[in-house]
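Listed below are the residues making up each chain.
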Amino acid sequence: MLTDNHGRKINYLRLAVTDRCNLRCFYCMPEEGLNWLSRTELMSYAEMLQICTLLVKMGIEKIRITGGEPFVRKDIMPFLVSLSKLDGLKELTITTNGVLTAPYVAELKEIGVKSVNLSLDTLDANRFFGITGRDEFARVMQTMDELLKHDIEVKINAVVMDGKNTQDIIPLVDLTKDMPVSVRFIEEMPFNGEGHIYGGLKWDYLKILEEISNKYTDIQKTPDLIYSTSYNYQIPGHKGSVGIIAAYSRTFCGTCNRARITPVGELKTCLYDDGVLNIKDLMRKGLQESDLQNIITNAFNTRAKDGWEAEQLRVQHKGVHESMATIGG
(Lines give C-alpha, C1' and ligand atoms only; values in the text may rest on other atoms or scores of the structure.)
Protein backbone atom coordinates (compact mmCIF):
# COMPACT_ATOMS: atom_id res chain seq x y z
CA MET A 1 0.00 0.00 0.00
CA LEU A 2 1.27 3.46 -0.93
CA THR A 3 0.98 6.03 1.85
CA ASP A 4 2.46 9.46 2.52
CA ASN A 5 4.30 10.91 5.49
CA HIS A 6 1.01 12.18 6.92
CA GLY A 7 -0.57 8.75 7.05
CA ARG A 8 -2.79 9.29 4.01
CA LYS A 9 -3.46 6.32 1.73
CA ILE A 10 -2.65 7.01 -1.94
CA ASN A 11 -4.97 4.96 -4.14
CA TYR A 12 -6.03 7.37 -6.91
CA LEU A 13 -3.99 8.43 -9.95
CA ARG A 14 -4.81 11.29 -12.30
CA LEU A 15 -2.92 10.66 -15.53
CA ALA A 16 -2.68 13.45 -18.11
CA VAL A 17 -2.17 11.89 -21.55
CA THR A 18 -1.62 15.15 -23.47
CA ASP A 19 -1.12 18.87 -22.96
CA ARG A 20 -3.15 19.69 -26.08
CA CYS A 21 -6.75 20.83 -26.12
CA ASN A 22 -9.23 21.78 -28.81
CA LEU A 23 -10.78 24.55 -26.69
CA ARG A 24 -9.13 27.78 -25.57
CA CYS A 25 -10.77 28.46 -22.22
CA PHE A 26 -9.36 31.81 -21.16
CA TYR A 27 -8.71 30.67 -17.59
CA CYS A 28 -6.60 27.76 -18.80
CA MET A 29 -4.56 28.93 -21.79
CA PRO A 30 -4.13 31.84 -24.20
CA GLU A 31 -6.15 31.99 -27.44
CA GLU A 32 -3.07 31.15 -29.52
CA GLY A 33 -2.50 28.02 -27.45
CA LEU A 34 0.63 26.95 -25.65
CA ASN A 35 4.04 25.89 -26.86
CA TRP A 36 2.93 22.33 -27.45
CA LEU A 37 5.19 19.54 -26.34
CA SER A 38 6.90 17.43 -28.96
CA ARG A 39 5.98 13.78 -29.29
CA THR A 40 9.33 12.70 -27.84
CA GLU A 41 8.71 14.78 -24.72
CA LEU A 42 5.37 13.10 -24.09
CA MET A 43 5.12 9.71 -22.48
CA SER A 44 4.34 7.00 -25.00
CA TYR A 45 1.32 4.80 -24.44
CA ALA A 46 3.68 1.93 -23.59
CA GLU A 47 5.39 4.06 -20.94
CA MET A 48 2.07 5.16 -19.48
CA LEU A 49 0.86 1.58 -19.31
CA GLN A 50 4.12 0.55 -17.67
CA ILE A 51 3.91 3.15 -14.93
CA CYS A 52 0.19 2.53 -14.37
CA THR A 53 0.88 -1.18 -14.02
CA LEU A 54 3.53 -0.45 -11.40
CA LEU A 55 1.34 2.00 -9.48
CA VAL A 56 -1.59 -0.43 -9.42
CA LYS A 57 0.78 -2.99 -7.89
CA MET A 58 1.66 -0.33 -5.30
CA GLY A 59 -1.97 0.22 -4.33
CA ILE A 60 -3.54 2.55 -6.90
CA GLU A 61 -7.16 1.42 -7.34
CA LYS A 62 -8.61 4.24 -9.44
CA ILE A 63 -7.18 5.97 -12.50
CA ARG A 64 -8.65 9.10 -14.06
CA ILE A 65 -7.51 10.00 -17.57
CA THR A 66 -7.17 13.75 -18.13
CA GLY A 67 -5.36 16.17 -20.44
CA GLY A 68 -5.45 18.76 -21.95
CA GLU A 69 -8.28 16.98 -23.69
CA PRO A 70 -7.66 13.21 -23.75
CA PHE A 71 -9.54 12.56 -26.98
CA VAL A 72 -7.33 14.84 -29.07
CA ARG A 73 -4.51 12.33 -28.64
CA LYS A 74 -4.46 9.87 -31.52
CA ASP A 75 -5.29 6.22 -30.75
CA ILE A 76 -6.46 6.91 -27.21
CA MET A 77 -9.03 4.08 -27.21
CA PRO A 78 -6.61 1.13 -27.59
CA PHE A 79 -4.67 2.55 -24.63
CA LEU A 80 -7.84 2.83 -22.54
CA VAL A 81 -8.76 -0.74 -23.43
CA SER A 82 -5.34 -1.96 -22.22
CA LEU A 83 -5.62 0.13 -19.07
CA SER A 84 -9.06 -1.27 -18.27
CA LYS A 85 -7.60 -4.78 -18.18
CA LEU A 86 -5.02 -4.08 -15.47
CA ASP A 87 -5.34 -6.64 -12.69
CA GLY A 88 -6.18 -4.80 -9.48
CA LEU A 89 -7.56 -1.63 -11.05
CA LYS A 90 -11.06 -1.13 -9.67
CA GLU A 91 -12.14 2.04 -11.47
CA LEU A 92 -11.24 3.81 -14.70
CA THR A 93 -12.72 7.27 -15.25
CA ILE A 94 -12.21 10.16 -17.66
CA THR A 95 -12.37 13.94 -17.59
CA THR A 96 -13.24 15.46 -20.97
CA ASN A 97 -14.56 18.66 -22.49
CA GLY A 98 -16.95 16.55 -24.55
CA VAL A 99 -16.18 18.00 -27.98
CA LEU A 100 -14.83 14.76 -29.49
CA THR A 101 -16.18 12.25 -26.98
CA ALA A 102 -19.64 11.24 -28.25
CA PRO A 103 -18.45 8.67 -30.86
CA TYR A 104 -16.49 6.81 -28.16
CA VAL A 105 -19.20 6.57 -25.50
CA ALA A 106 -20.45 3.10 -26.44
CA GLU A 107 -16.91 1.72 -26.32
CA LEU A 108 -16.23 3.46 -23.01
CA LYS A 109 -19.27 1.69 -21.60
CA GLU A 110 -18.03 -1.61 -23.02
CA ILE A 111 -14.63 -1.39 -21.29
CA GLY A 112 -16.22 -0.61 -17.94
CA VAL A 113 -16.04 3.18 -17.64
CA LYS A 114 -18.88 3.98 -15.24
CA SER A 115 -18.31 7.69 -14.68
CA VAL A 116 -17.18 10.65 -16.79
CA ASN A 117 -16.45 14.18 -15.67
CA LEU A 118 -17.68 16.66 -18.28
CA SER A 119 -16.21 20.18 -18.21
CA LEU A 120 -19.05 22.63 -18.86
CA ASP A 121 -19.01 26.16 -17.44
CA THR A 122 -22.25 27.44 -18.96
CA LEU A 123 -25.48 26.32 -20.61
CA ASP A 124 -25.59 29.40 -22.84
CA ALA A 125 -24.08 28.85 -26.31
CA ASN A 126 -22.89 32.46 -26.62
CA ARG A 127 -21.20 32.44 -23.23
CA PHE A 128 -19.70 29.05 -24.05
CA PHE A 129 -18.06 30.62 -27.09
CA GLY A 130 -16.89 33.58 -25.00
CA ILE A 131 -15.29 31.31 -22.40
CA THR A 132 -13.85 28.62 -24.67
CA GLY A 133 -13.17 30.56 -27.87
CA ARG A 134 -14.81 27.78 -29.87
CA ASP A 135 -18.34 27.18 -31.18
CA GLU A 136 -18.67 23.62 -29.88
CA PHE A 137 -21.52 23.83 -27.36
CA ALA A 138 -23.82 21.55 -29.37
CA ARG A 139 -21.23 18.75 -29.52
CA VAL A 140 -20.66 18.92 -25.77
CA MET A 141 -24.38 18.59 -25.13
CA GLN A 142 -24.51 15.66 -27.55
CA THR A 143 -21.81 13.95 -25.49
CA MET A 144 -23.80 14.46 -22.31
CA ASP A 145 -26.87 12.94 -23.95
CA GLU A 146 -24.86 9.94 -25.15
CA LEU A 147 -23.34 9.36 -21.70
CA LEU A 148 -26.75 9.41 -20.04
CA LYS A 149 -28.22 7.17 -22.74
CA HIS A 150 -25.52 4.59 -21.99
CA ASP A 151 -26.08 4.85 -18.22
CA ILE A 152 -22.65 6.34 -17.57
CA GLU A 153 -22.62 8.61 -14.54
CA VAL A 154 -22.14 12.25 -15.55
CA LYS A 155 -20.41 14.76 -13.30
CA ILE A 156 -20.47 18.27 -14.72
CA ASN A 157 -17.49 20.38 -13.67
CA ALA A 158 -18.15 24.13 -13.82
CA VAL A 159 -15.48 26.65 -12.85
CA VAL A 160 -17.16 29.69 -11.28
CA MET A 161 -15.66 32.94 -12.59
CA ASP A 162 -16.66 36.41 -11.49
CA GLY A 163 -18.11 38.44 -14.33
CA LYS A 164 -18.09 35.48 -16.72
CA ASN A 165 -20.58 32.79 -15.74
CA THR A 166 -22.01 33.37 -12.27
CA GLN A 167 -25.40 33.80 -13.95
CA ASP A 168 -25.09 30.13 -14.97
CA ILE A 169 -24.98 28.77 -11.42
CA ILE A 170 -28.75 28.44 -11.06
CA PRO A 171 -29.41 27.13 -14.60
CA LEU A 172 -26.78 24.44 -14.01
CA VAL A 173 -28.37 23.53 -10.68
CA ASP A 174 -31.75 23.40 -12.46
CA LEU A 175 -30.36 20.58 -14.63
CA THR A 176 -30.39 18.30 -11.61
CA LYS A 177 -34.19 18.50 -11.32
CA ASP A 178 -34.93 16.18 -14.24
CA MET A 179 -31.51 14.74 -15.09
CA PRO A 180 -29.47 12.27 -12.98
CA VAL A 181 -26.32 14.39 -13.15
CA SER A 182 -24.01 15.70 -10.48
CA VAL A 183 -23.22 19.37 -11.04
CA ARG A 184 -20.03 20.41 -9.26
CA PHE A 185 -18.99 24.03 -8.99
CA ILE A 186 -15.25 24.60 -8.72
CA GLU A 187 -13.49 27.59 -7.23
CA GLU A 188 -11.31 29.30 -9.82
CA MET A 189 -7.62 28.51 -9.44
CA PRO A 190 -4.45 30.37 -10.50
CA PHE A 191 -3.43 27.84 -13.18
CA ASN A 192 -4.05 30.12 -16.15
CA GLY A 193 -0.70 30.13 -17.88
CA GLU A 194 2.54 32.08 -17.97
CA GLY A 195 1.99 35.84 -18.23
CA HIS A 196 -1.62 35.69 -17.05
CA ILE A 197 -2.40 37.30 -13.73
CA TYR A 198 -4.76 35.57 -11.32
CA GLY A 199 -7.15 38.19 -10.01
CA GLY A 200 -7.84 36.43 -6.73
CA LEU A 201 -10.80 34.37 -5.60
CA LYS A 202 -14.06 36.30 -5.64
CA TRP A 203 -16.45 33.35 -5.55
CA ASP A 204 -15.41 30.91 -2.84
CA TYR A 205 -17.36 27.79 -1.90
CA LEU A 206 -19.40 29.66 0.72
CA LYS A 207 -20.52 32.34 -1.74
CA ILE A 208 -21.43 29.70 -4.33
CA LEU A 209 -23.53 27.85 -1.76
CA GLU A 210 -25.22 31.10 -0.74
CA GLU A 211 -26.15 31.79 -4.36
CA ILE A 212 -27.74 28.34 -4.71
CA SER A 213 -29.48 28.55 -1.34
CA ASN A 214 -31.10 31.86 -2.25
CA LYS A 215 -33.27 29.98 -4.75
CA TYR A 216 -33.27 26.50 -3.30
CA THR A 217 -33.87 27.23 0.37
CA ASP A 218 -34.55 23.55 1.06
CA ILE A 219 -31.16 22.35 -0.20
CA GLN A 220 -29.79 19.67 2.10
CA LYS A 221 -26.25 18.65 2.98
CA THR A 222 -25.49 15.02 2.25
CA PRO A 223 -22.60 12.93 3.65
CA ASP A 224 -19.22 13.35 1.96
CA LEU A 225 -17.16 10.25 1.30
CA ILE A 226 -13.78 10.18 3.02
CA TYR A 227 -11.83 11.10 -0.12
CA SER A 228 -14.39 13.49 -1.56
CA THR A 229 -13.07 16.82 -2.84
CA SER A 230 -16.59 18.27 -2.93
CA TYR A 231 -19.13 19.37 -0.36
CA ASN A 232 -22.23 17.52 -1.53
CA TYR A 233 -25.88 18.56 -1.49
CA GLN A 234 -29.30 17.32 -2.53
CA ILE A 235 -32.38 19.31 -3.41
CA PRO A 236 -35.58 17.43 -2.46
CA GLY A 237 -37.31 16.06 -5.54
CA HIS A 238 -34.30 16.43 -7.83
CA LYS A 239 -32.89 13.41 -9.68
CA GLY A 240 -29.35 14.76 -9.61
CA SER A 241 -27.11 16.32 -6.99
CA VAL A 242 -24.92 19.38 -6.41
CA GLY A 243 -21.32 19.59 -5.26
CA ILE A 244 -18.96 22.46 -4.50
CA ILE A 245 -15.21 21.93 -4.79
CA ALA A 246 -13.06 24.30 -2.72
CA ALA A 247 -10.13 23.92 -5.11
CA TYR A 248 -8.48 27.22 -4.18
CA SER A 249 -9.51 27.25 -0.50
CA ARG A 250 -8.06 23.71 -0.28
CA THR A 251 -10.27 22.50 2.54
CA PHE A 252 -9.99 18.82 1.52
CA CYS A 253 -6.21 18.36 1.64
CA GLY A 254 -6.32 16.45 4.92
CA THR A 255 -7.75 13.36 3.24
CA CYS A 256 -6.11 13.70 -0.20
CA ASN A 257 -5.51 10.27 -1.74
CA ARG A 258 -4.24 11.45 -5.14
CA ALA A 259 -1.13 11.23 -7.22
CA ARG A 260 -0.78 13.10 -10.51
CA ILE A 261 1.38 12.43 -13.53
CA THR A 262 1.73 15.09 -16.22
CA PRO A 263 2.02 14.35 -19.97
CA VAL A 264 5.82 14.53 -19.74
CA GLY A 265 5.94 12.05 -16.86
CA GLU A 266 6.32 14.50 -13.99
CA LEU A 267 5.01 13.10 -10.72
CA LYS A 268 3.11 15.62 -8.64
CA THR A 269 2.21 14.64 -5.10
CA CYS A 270 0.03 17.78 -4.94
CA LEU A 271 -1.68 19.82 -7.63
CA TYR A 272 0.07 22.92 -6.30
CA ASP A 273 3.60 21.53 -6.15
CA ASP A 274 6.35 22.02 -8.72
CA GLY A 275 6.64 18.36 -9.64
CA VAL A 276 8.82 16.10 -7.52
CA LEU A 277 10.43 13.78 -10.07
CA ASN A 278 10.17 12.69 -13.69
CA ILE A 279 9.17 9.04 -13.99
CA LYS A 280 9.42 8.99 -17.80
CA ASP A 281 13.07 10.10 -17.69
CA LEU A 282 13.89 7.46 -15.08
CA MET A 283 12.26 4.74 -17.17
CA ARG A 284 14.13 5.85 -20.28
CA LYS A 285 17.37 5.56 -18.31
CA GLY A 286 16.52 1.90 -17.76
CA LEU A 287 15.73 1.91 -14.04
CA GLN A 288 14.34 -1.34 -12.76
CA GLU A 289 10.79 -1.60 -11.43
CA SER A 290 12.00 -2.06 -7.85
CA ASP A 291 14.10 1.12 -8.08
CA LEU A 292 11.17 3.09 -9.47
CA GLN A 293 8.96 1.79 -6.69
CA ASN A 294 11.44 2.95 -4.04
CA ILE A 295 11.79 6.38 -5.62
CA ILE A 296 8.03 6.89 -5.81
CA THR A 297 7.60 5.71 -2.23
CA ASN A 298 10.26 8.16 -1.07
CA ALA A 299 8.56 10.99 -2.97
CA PHE A 300 5.37 10.48 -0.99
CA ASN A 301 7.36 10.26 2.23
CA THR A 302 8.27 13.95 1.82
CA ARG A 303 4.85 15.17 0.68
CA ALA A 304 3.59 18.61 1.67
CA LYS A 305 0.78 18.47 4.23
CA ASP A 306 -1.53 20.58 2.05
CA GLY A 307 -1.76 22.73 -1.06
CA TRP A 308 -0.71 25.88 0.77
CA GLU A 309 2.57 24.33 1.92
CA ALA A 310 3.16 22.80 -1.52
CA GLU A 311 2.76 26.20 -3.15
CA GLN A 312 5.18 27.78 -0.69
CA LEU A 313 7.79 25.10 -1.39
CA ARG A 314 7.86 25.67 -5.13
CA VAL A 315 11.32 26.40 -6.53
CA GLN A 316 12.44 29.96 -5.64
CA HIS A 317 8.88 30.60 -4.42
CA LYS A 318 8.04 31.47 -8.00
CA GLY A 319 4.34 30.86 -7.45
CA VAL A 320 1.79 29.11 -9.58
CA HIS A 321 1.73 30.12 -13.23
CA GLU A 322 1.52 27.04 -15.44
CA SER A 323 -1.55 26.19 -17.47
CA MET A 324 -3.97 23.60 -16.16
CA ALA A 325 -3.71 21.95 -19.59
CA THR A 326 -0.10 20.98 -18.91
CA ILE A 327 -0.69 19.34 -15.52
CA GLY A 328 -3.98 17.50 -15.84
CA GLY A 329 -5.46 19.23 -12.83
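Scroll up to find the structure this text is about.
Here the structure is a predicted model, which means the values were calculated and not measured.

Criteria and thresholds
- Residues numbered from 1 in each chain as written.
- Predicted model: local features only at pLDDT ≥ 70, side-chain atom pairs only at ≥ 80, totals over all residues.
- Heavy atoms only, no water.
- Helix = DSSP H or I, 4+ residues; strand = E, 2+ residues; numbered from the N terminus.
- Rg over C-alpha atoms; globule rule 2.2 N^0.38 Å.
- Buried < 20%, exposed > 50% of the residue type's maximum accessible area, 1.4 Å probe, protein only.
- Contact = heavy atoms within 4.5 Å.
- Lys, Arg positive; Asp, Glu negative; His and termini not counted.
- Charge placed at Lys NZ, Arg CZ, Asp CG, Glu CD.
- Pairing = 2+ DSSP bridges.
- Right-handed = clockwise from strand over helix to strand, strands pointing away.
- Salt bridge = Lys/Arg side-chain N within 4 Å of Asp/Glu carboxyl O.
- Axes fitted to C-alpha atoms, helices over the stretch in contact; angles between N-to-C directions.
- Phe/Tyr/Trp six-rings, centres within 6.5 Å; stacked < 30°, edge-to-face > 60°.
- Left-handed = near helix turned anticlockwise from the far one by under 90°.
- Nonpolar A, V, L, I, M, F, W, Y, C, P; charged D, E, K, R; others polar.

Visitor: Explain the overall build of the protein chain here, please?
Guide: Looking only at helices and strands, the protein chain features 10 helices and 12 strands. Relative to its length of 329 residues, the protein chain is compact, with a C-alpha radius of gyration of 19 Å against a globular reference of 20 Å. The principal-axis extents of the C-alpha atoms in the protein chain amount to approximately 55 × 40 × 40 Å. Out of the 329 residues belonging to the protein chain, those deemed buried represent 54%. Taking the contacts inside the protein chain whose residues are at least 6 apart along the sequence as the reference set, 72% of them involve residues at least 24 apart. A gap of 3 Å separates the mean positions of the 39 positive and 43 negative side-chain charges of the protein chain.

Visitor: For this particular structure, what's the right way to read unusual backbone geometry?
Guide: For residues besides glycine, phi is generally negative; the peptide bonds are generally trans as well. Cis geometry marks the peptide bond from Gly67 to Gly68; its omega dihedral reads 15°. On the secondary structure map, Gly68 appears in the loop between strand E2 (62–66) and helix H2 (76–84). Positive phi, close to 55°, is recorded for Asp151, a residue that is not glycine. Within the secondary structure layout, Asp151 lies in the loop between helix H5 (137–149) and strand E5 (153–160).

Visitor: What am I meant to see in the pairing of strand E4 (residues 115–119) here?
Guide: The side chains of a regular strand alternate, residue by residue, between the two faces of the sheet. With 4 of 5 residues buried, E4 lies mostly within the body of the structure. Here 3 bridges tie strand E3 (residues 91–96) to E4, and the two strands are oriented parallel to one another. In the strand pairing of E4, Thr96 is matched with Leu118. In this region the chain leaves E3, passes through helix H3 (residues 105–110) and returns to the parallel neighbour E4; the handedness of that crossover is right-handed. The pairing of E4 with E5 spans 5 bridges and is classified as parallel. The partner of Ser115 across the bridge, within E5, is Glu153.

Visitor: Explanation requested: the pattern of salt bridges in the structure shown.
Guide: Opposite charge on two side chains permits them to pair, given that their charged atoms come into close proximity. Inspection of every chain in the model, using the stated rule, returns 13 salt bridges. A salt bridge links Arg303 to Asp4; the nearest nitrogen and oxygen atoms lie 2.8 Å apart. Here the residue Arg303 occupies a position in the loop between helix H9 (289–300) and helix H10 (307–312), and Asp4 occupies one in the segment before strand E1 (12–16), the gap between them amounting to 299 residues. For the pair Arg303 and Asp4, a shared accessibility class is recorded, and that class is buried. Beyond isolated ion pairs, a larger network of salt bridges with shared partners links Asp4, Arg8 and Arg303.

Visitor: Whenever I open this one, the sheet that holds strand E10 (residues 258–261) confuses me. Can you help?
Guide: The strands making up a sheet are joined through hydrogen bonds of the backbone, oriented either antiparallel or parallel. Judged by pairing direction, the sheet is mixed, and its 12 strands sit side by side in the order E7-E8-E9-E6-E5-E4-E3-E2-E1-E10-E11-E12 without closing on themselves. Pairing within the sheet leaves two strands with one partner each, and these edge strands are strand E7 (220–221) and strand E12 (277–278). Strand direction decides the pairing type here: E1 and E10, joined by 4 bridges, are parallel. Looking at E10, one finds that Arg14 is bridged to Arg260. Each of E1, E2 and E10 is contacted by helix H1 (residues 45–57), which is oriented at about 175° to E1, the strand it contacts most.

Visitor: I'm lost on the packing of aromatic side chains in this one. Help?
Guide: Note on aromatic pairs: each is described by the distance of the centres and the angle between the planes. All told, the structure shown has 5 aromatic pairs when counted by the stated rule. Between the aromatic rings of Phe26 and Tyr27, the centroid separation amounts to 5.7 Å while the plane-to-plane angle is 85°, which identifies the pairing as edge-to-face. Overall, the relative accessible area of 17% leaves Tyr27 in the buried class. With centroids separated by 5.7 Å and ring planes inclined at 65°, the aromatic side chains of Phe128 and Phe137 adopt a geometry described as edge-to-face.

Visitor: Quick question: what am I supposed to make of the pairing of E2 here?
Guide: Across the 5 residues of E2, 5 count as buried, placing the element largely inside the fold. The two faces of E2 match: Lys62, Arg64 and Thr66 on one face and Ile63 and Ile65 on the other face are all buried. In the sheet, E1 pairs with E2 via 5 bridges, with the strands oriented parallel. Bridged to Tyr12 within E2 is Lys62. Pairing of E2 with E3 involves 4 bridges; the strand directions are parallel. Pairing of Lys62 across the sheet is with Glu91, part of E3. This β-α-β element, E2 to H2 to E3, shows right-handed connectivity.

Visitor: Looking at this structure, I do not really get the packing of helix H6 (residues 169–178) against helix H7 (residues 205–215). What am I missing?
Guide: The description of two helices packed together rests on the angle between their axes and the distance between the axes. With their axes 10 Å apart at the nearest point, H6 and H7 run at an angle of 65° to one another. The chirality of how H6 crosses H7 is right-handed. Only Glu211, Ile212 and Lys215 of H7 make contact with H6, whose side of the interface consists of Ile169, Ile170, Val173 and Asp174. Among the residues forming the contact of H6 with H7, the class breakdown is 4 nonpolar, no polar and 3 charged.

Spatial relationships are all this shows, so hold off on functional conclusions.
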